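# Observations on chain architecture
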Amino acid sequence: MDYLARLNDEQRLAVETLDGPLLVLAGAGTGKTRVLTTRFAHILLTKRAWPSQVLAVTFTNKAAREMRERIAAMLGSKVEGLWLGTFHALGARMLRRHAALAGLEPGFSILDTDDQLRLLKPLMQEAGLDLHRFPPPALMGRIQRWKDRGLTPSRVTPADDDTDFAQGKARALYASYQERLASVNAVDFGDLLLHATELLRNHPDVLAEYHRSLRYILVDEYQDTNLVQYLWLRLLAQAHRNICCVGDDDQSIYSWRGAEVENILRFEQDFPGARVVRLEANYRSTAPILAAAAALISHNEGRLGKTLRPGREGAEGEKVAVIGLRDSDEEARMVGQRIEALRREGNSLAEVAILVRASFQTRAFEERLIAWAIPYRVVGGLRFYERAEIRDAVAYLRATLRPGDDLAFERVLNVPKRGLGDAALRRLRETARAQGVPLAGAAEALGGRTGEAFTRLVAGFARWRETLRRDGPVLCLREILDESGYLEMLEKDRSPEAPGRVENLKELGRALAEFETLEGFLDHVSLVMENDENAAGDRVSLMTLHGAKGLEFDTVFLPGWEDGLFPNQRALEEGGAKALEEERRLAYVGLTRARLRAIVSHVASRRFYSGWQPAYPSRFIDELPEDRVEHSGSTMLEREAALSAPAVFASVFPSPVRLPRVRDVPEAGGRNARAAPIAVGARVFHQKFGYGEVMESEGDRLVVRFENQERPKSLISSYVEPA
DNA sequence: CGTCGTCTTATTTTT
DNA sequence: TAAGACGACG
């Protein structure tokens, strides 16, 4: 039992409290994952259950993988047959087992966002809606929210559909959307859990079967569960009630995706007799960082209440830096310089992260990092499955496997170009509908050149189907890519992305080789597969705050702490006071990612759309404890902006009026101060305009005549560098 | 059917 | 500003 000895008292309690409902409130950096995996291993090692009798749910594939690896490490061998995965993957697994009971055929497809919209759009048109006034993605979002709440079309009440969105047709459209899905034997992402839950609700025998087989349930990141996930869990836990949920209400940041913090706040009522264990000893961050995070989050109401305390004695460290700067370029320069300095001191770049509120902020940093040859990676962005070439290849595979998969067929119909455009597709749809056959079955009906192209494609699919049957999926994919002309299309493509796309397809082929059946692989691709290209290497990580949850770094830069951007104005408009608290939790998540140092920055002027807009320090900065924070930077500009400009963000929750802070002294060494003003006659360099000569100079404004520009340009001096 | 130019609209996005 | 969507034209 030496694995128990490695835990502190509270962690140990969380691991050993095995019977009955348990809520583990795990503050940031308190060893949440360790508790979860140790608990899992403990259940197995004490022979309380077999691996197949424990259900462990996470939100991300990454978390699931990490858990799997750590359990294997603890047990000394890989464990098979675990019910361990994301909510969606487990939902899919259940649904495949009982497809017929959910009104599906066993080989149903899982649709991506494109497919969903392609299905919904025509329905909206038929309903006579103006798609400009009611954009399909907006309706899709509403449907998704209903699904998050476990509402099938028949369960949606008028109260759930209280706006006149889509002229009151939203509910009806939801119903017909679900019908269309069923008719093409497909589900969307939200359906995986909705159907799985309905399945358990409507079939007591199936539920009883799971009650018999699943004795323990472990849930990670419980604060991010939505209602349907909660219902699913509750159904499964009903009988034995051995459910252990781990989470942190202070890190709930996905309400806009349907997550309900209430789930965690309500846990003790939902599961009477529940025990609660708090993990509060933080082994990650220095005392100032912890104190700053704690002070910040204390401004939220309705918390379950936890206080992070340093897990180690003497974990003093640098104060949290708060730096005011002129604009985002200067902010990027400051960050770049500090990263340079860290690198010179021998720090690993993999231990540095820049965490932004909104993805557009990454650009300024990318430019700076490229210019200074600092390796970085942008985390997040497109997932493997979301890449066009992967979707195309998958659609080819889907249409090969399932002749009736019209959505897949439609997607690849004209990729590569075969002269089959909108008009042809429309005729094809009509014929197919009239004859009651899938699109691919209607090809012969069309005459002329279009018909020929169609027939050729359909013949191709027949051939590939034969290859799939005879030689398996790998050869089939190769044949598809060759014979369809897809690979040729990419090879002819001279754009810089093309080689990467070819590479991605190769990667797809390699992954495919690991699977016995194409069906299994298709699920893997849409539910699990991720792209981990450039994951390795000593690089700075650049990502959104949302993307950073669960990660930690020695050094964390938190730029853009300005009212309007962070807390985000749009979020506040939509979600009111609750949204402000969620933004604050996001700030808390950001701060607690840092082990040794956190650098918060804000600028006086930020670029929005076209022009520059004055910006004000985030109210969150005021909520940091003065004695743990060190302010620096050019606040003169901040004051100027504050005094001269009208409020940019007419906030529903106005930031308190602030007095200009008296701390105009630039940081020692003038790191953030501009070099001497650029003199008239100086030669300068501009990213876009190239080299030029300064004609006039006043304050930070310059007039420059560039060599390859006819007219002199007026610009701000921070845009040019002395040449 | 494909290309070019104009118009439009700018958060976060685990699956 | 700058990328993506859409409609008019060739």
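Residues numbered from 1 in each chain as written. Chains lettered and ligands numbered in written order. Predicted model: local features only at pLDDT ≥ 70, side-chain atom pairs only at ≥ 80, totals over all residues. Heavy atoms only, no water.

Within chain A one finds 28 helices and 23 strands. Counting every position in chain A, which comprises 723 residues, the buried fraction comes to 54%. The contacts of chain A with a sequence gap of at least 6 include a subset with a gap of at least 24, amounting to 75%. By element, 51% of the accessible surface of chain A is carried by carbon and sulfur atoms, the whole surface being about 32,600 Å². (Helix = DSSP H or I, 4+ residues; strand = E, 2+ residues; numbered from the N terminus. Buried < 20%, exposed > 50% of the residue type's maximum accessible area, 1.4 Å probe, protein only. Contact = heavy atoms within 4.5 Å. Areas by Shrake-Rupley, 256 points an atom, 1.4 Å probe, with all protein chains shown as cover.)

This part covers the domain arrangement of chain A. Partitioning chain A into structural domains gives domain 1 (2–96 + 194–279), domain 2 (109–184), domain 3 (283–383 + 533–634), domain 4 (386–521) and domain 5 (655–723). Contacts between domain 1 and domain 3 engage 28 residues on the former and 21 residues on the latter. Across the interface of domain 1 and domain 3, roughly 2,100 Å² is buried in total on both sides, 50% from carbon and sulfur atoms. Of all residues in domain 1, Gly29, Asp250 and Ile253 bury the most surface against domain 3, accounting for 31% of the area lost on that side. For the pair domain 1 and domain 3, the interface holds seven salt bridges. Among the ionic pairs, Lys306 bridges to Asp250, the shortest N-O distance being 3.1 Å. (Domains from an automatic or database assignment. Buried area = accessible area lost by both parts, 1.4 Å probe. Salt bridge = Lys/Arg side-chain N within 4 Å of Asp/Glu carboxyl O.)

Here we come to the side chain of Glu581. Relative to the elements of secondary structure, Glu581 occurs in helix H26 (residues 569–591). At 4.5 Å, Arg585 is the nearest oppositely charged side chain to Glu581, a buried residue that forms no salt bridge. In contact with Glu581, not counting residues within four places along its chain, are His299, Asn300 and Glu301. (Lys, Arg positive; Asp, Glu negative; His and termini not counted.)

Let us now look at the protein's contact with DNA strand B. Within the structure, DNA strand B sits among 30 residues, and Ser359, Arg383, Gly421, Thr544 and Ala571 are positioned closest to it. Of all atoms in DNA strand B that approach within 4 Å of the protein, 55% are sugar or phosphate atoms. Side-chain polar atom of His88 to a base oxygen of DNA strand B: 3.3 Å apart, as the coordinates give it. Separating a base nitrogen of DNA strand B from a side-chain N or O atom of Arg257 is a distance of 2.6 Å. (Near = heavy atom within 4 Å. Polar contact = N/O pair within 3.5 Å; in protein donor to acceptor, adjacent residues only side chain to side chain.)

Before going further, it helps to examine helix H3 (residues 32–45). Over its 14 residues, H3 runs 20 Å from end to end, which matches the ideal 20 Å to within 8%, given 1.5 Å per residue. Of all 14 residues in H3, 11 are buried; the element is thus mostly enclosed. Taken together, the buried positions of H3 are Lys32, Val35, Leu36, Thr37, Thr38, Arg39, Phe40, Ala41, His42, Ile43 and Leu44. Remark: Lys47 follows H3 within two positions and exhibits a positive phi of approximately 60°. (Expected span 1.5 Å × (residues − 1).)

Taken in spatial order, the six strands make up an open sheet running S3-S2-S6-S7-S1-S8, and their pairing is parallel. Each edge of the open sheet is held by one strand with a lone partner, namely strand S3 (83–86) and strand S8 (275–279). Neighbouring strand axes in the sheet, compared pairwise and without regard to direction, differ in orientation by 15° on average. Bridge analysis of strand S2 (residues 54–58) against S3 gives four bridges, and the strand direction is parallel. Looking across to S3, one finds that Leu55 is bridged to Trp83. (Pairing = 2+ DSSP bridges. Axes fitted to C-alpha atoms, helices over the stretch in contact; angles between N-to-C directions.)

Another aspect to go through is helix H14 (residues 287–297). The periodicity of an α-helix, 3.6 residues per turn, causes residues three or four places apart in sequence to face the same way. With eight of its 11 residues buried, H14 lies for the most part within the structure. If you check which residues of H14 are buried, you get Ala287, Pro288, Ile289, Leu290, Ala292, Ala293, Leu296 and Ile297. Check the buried side of H14 and you find it contacts strand S9 (281–282), strand S10 (309–310), strand S11 (320–327), H26, strand S16 (594–607) and helix H27 (619–622).

Under the criterion given, the structure shown has 16 aromatic pairs. Ring plane angle 85° and centroid distance 5.4 Å describe the contact between Trp561 and Phe566, whose orientation is recorded as edge-to-face. Plain terms: the ring middles of Trp561 and Phe620 are 6.4 Å apart, the flat faces sit at 80° to each other, and that makes the pair edge-to-face. One end of the pair, Trp561, is in the loop between strand S15 (553–558) and H26; the other, Phe620, is in helix H27, and 59 residues separate them in sequence. Just as Trp561 is buried, Phe620 falls in that class too. The structure contains a cluster of three or more aromatic residues connected by ring pairs, namely Tyr396, Phe409, Phe461, Trp464 and Tyr486. The aromatic ring of Trp83 is capped on one face by Arg93, whose charged end is 3.7 Å from the ring centroid. The ring of Phe108 carries Arg96 above its face, with NZ or CZ at 3.8 Å from the centroid. (Phe/Tyr/Trp six-rings, centres within 6.5 Å; stacked < 30°, edge-to-face > 60°. Lys NZ or Arg CZ within 6 Å of the ring centre and 35° of its normal.)

Next up on the list: the environment of Pro135. Tracing the chain through its elements places Pro135 in the loop between helix H6 (113–126) and helix H7 (136–148). Given a relative accessible area of 32%, Pro135 falls into the partly exposed group. Between the C-alpha atoms of Pro135 and Met124, which are 11 residues apart in sequence, the distance is 9.3 Å. Excluding residues within four positions of it along the chain, Pro135 makes contact with Met124 and Phe165.

A few words now on the pairing of S16. Most of S16 sits out of view: 10 of its 14 residues are buried. Looking at chain direction, S11 and S16 are connected through six bridges and run parallel. Note that in S16 the partner of Ile323 across the bridge is Ser601. Of the pairings in the sheet, the one linking S16 to strand S17 (residues 612–614) comprises three bridges and is antiparallel in character. Each bridged residue has a counterpart across the sheet, and for Ser605 the counterpart in S17 is Pro614.

Its location among the elements puts Asn8 in the loop between helix H1 (2–5) and helix H2 (9–16). Within the structure, the side chain of Asn8 is placed 3.2 Å from the backbone nitrogen of Glu10, a separation counted as a polar contact. Setting aside chain neighbours within four positions, we find Asn8 in contact with Ala281 and Tyr283.

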